[in-house]
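So you can see what is in the structure, the chains are spelled out below.
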Amino acid sequence: MLEKRNPSKAGLAQAYSLSKRGEGPNPIDIHVGQRLRLRRTLLGLSQETLGEAVGITFQQLQKYERGANRISASRLFNLSQVLGVPVTFFFDDLPSPESTLVPDDQPSETQEFESMARRETLELVRAYYRIPEESVRRRTFELVKTLAGDPDDSAKAG
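Conventions used here
Residues numbered from 1 in each chain as written. Predicted model: local features only at pLDDT ≥ 70, side-chain atom pairs only at ≥ 80, totals over all residues. Heavy atoms only, no water. Helix = DSSP H or I, 4+ residues; strand = E, 2+ residues; numbered from the N terminus. Expected span 1.5 Å × (residues − 1). Buried < 20%, exposed > 50% of the residue type's maximum accessible area, 1.4 Å probe, protein only. Salt bridge = Lys/Arg side-chain N within 4 Å of Asp/Glu carboxyl O. Axes fitted to C-alpha atoms, helices over the stretch in contact; angles between N-to-C directions. Parallel < 35°, antiparallel > 145°, perpendicular 65-115°, else oblique. Contact = heavy atoms within 4.5 Å. Nonpolar A, V, L, I, M, F, W, Y, C, P; charged D, E, K, R; others polar.

Examining helix H1 (residues 27–42)
With 16 residues, H1 should cover 22 Å at 1.5 Å per step; its first-to-last C-alpha distance of 22 Å lies within 8% of that length. Along H1, the positions that sit buried rather than exposed are Ile 28, Asp 29, His 31, Val 32, Gly 33, Gln 34, Arg 35, Leu 36, Leu 38, Arg 40 and Thr 41. Two residues or fewer past H1, Gly 44 is found with a positive phi of approximately 75°.

Things to note about unusual backbone geometry
The phi angle at Asp 93 is positive, at roughly 65°, despite the residue not being glycine. As for its placement among the helices and strands, Asp 93 is situated in the loop between helix H4 (73–83) and helix H5 (109–117).

Remarks on the pattern of salt bridges
Taken as a whole and judged by the stated rule, the model has six salt bridges. Across the pair Glu 65 and Arg 40 runs a salt bridge whose closest N-O atoms are separated by 2.6 Å. In this pair, Glu 65 is assigned in helix H3 (residues 58–66) and Arg 40 in helix H1, connecting sequence segments 25 residues apart. Here Glu 65 and Arg 40 have matching classes, each one buried. Here Glu 142 ties to Lys 145 by a salt bridge, and the two come within 4.0 Å at their closest N and O atoms. Remark: Lys 145 and Glu 142 occur in helix H7 (residues 134–148); sequence separation between them is three residues, near one turn of the helix. The class for Glu 142 is partly exposed, based on a relative accessible area of 28%. Salt bridges linked by common partners bring Arg 35, Asp 92 and Asp 93 together as one network.

What to know about the packing of H1 against H3
Contact pair H1 / H3: the axes reach a minimum separation of 6 Å and the direction vectors enclose 120°. It follows from the interaxial angle that H1 and H3 lie oblique. Of the residues in H3, those in contact with Asp 29, Ile 30, Gly 33, Gln 34, Leu 36, Arg 37 and Arg 40 of H1 are Leu 61, Tyr 64, Glu 65 and Arg 66. When its residues are assigned to classes, the contact of H1 with H3 shows four nonpolar, two polar and five charged.

Some points on the packing of helix H2 (residues 47–54) against H3
The interhelical angle for the contact between H2 and H3, taken along N-to-C directions, is 105°, at an axis separation of 8 Å. Looking at the two axes, H2 sits roughly perpendicular to H3. Seen from H2, the contacting residues are Gln 47, Glu 48, Leu 50 and Gly 51; seen from H3, they are Phe 58, Leu 61, Gln 62 and Glu 65. Classifying every residue of the contact of H2 with H3 gives three nonpolar, three polar and two charged.

Following this line, the structure appears as structure tokens:
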């Protein structure tokens, strides 16, 4: 007879709870899909182009990016190779189950993602990396931070 084990008694970490049927996409699948979309857009790839590269339709890629469909391990590995990132990239910045509350003064992960996916942001990043001299890129970076009123700079000044 098999004995049921309590994960906390066995010393295992608390797992993310999986969403049940009818509750919508799992938050992890949504996060992985957002990271997939972020990398694809930063590389300037269309859904159709990336889909062709990994052998799926752009509609399937859309479902992955929304978190509506879960990405298998082998497909995630394939996507990581095509996009030039480690598999762990898709799980970077994944909030822990305990950290569901976001302080009011901090942008949510969704807001940060949406700002990174804007065409203006992508064009700015691409233009920045086209600057051939590293010292000029660094000065440009510092200029933009100053113009934006970077909070880290005000702490240094005081």
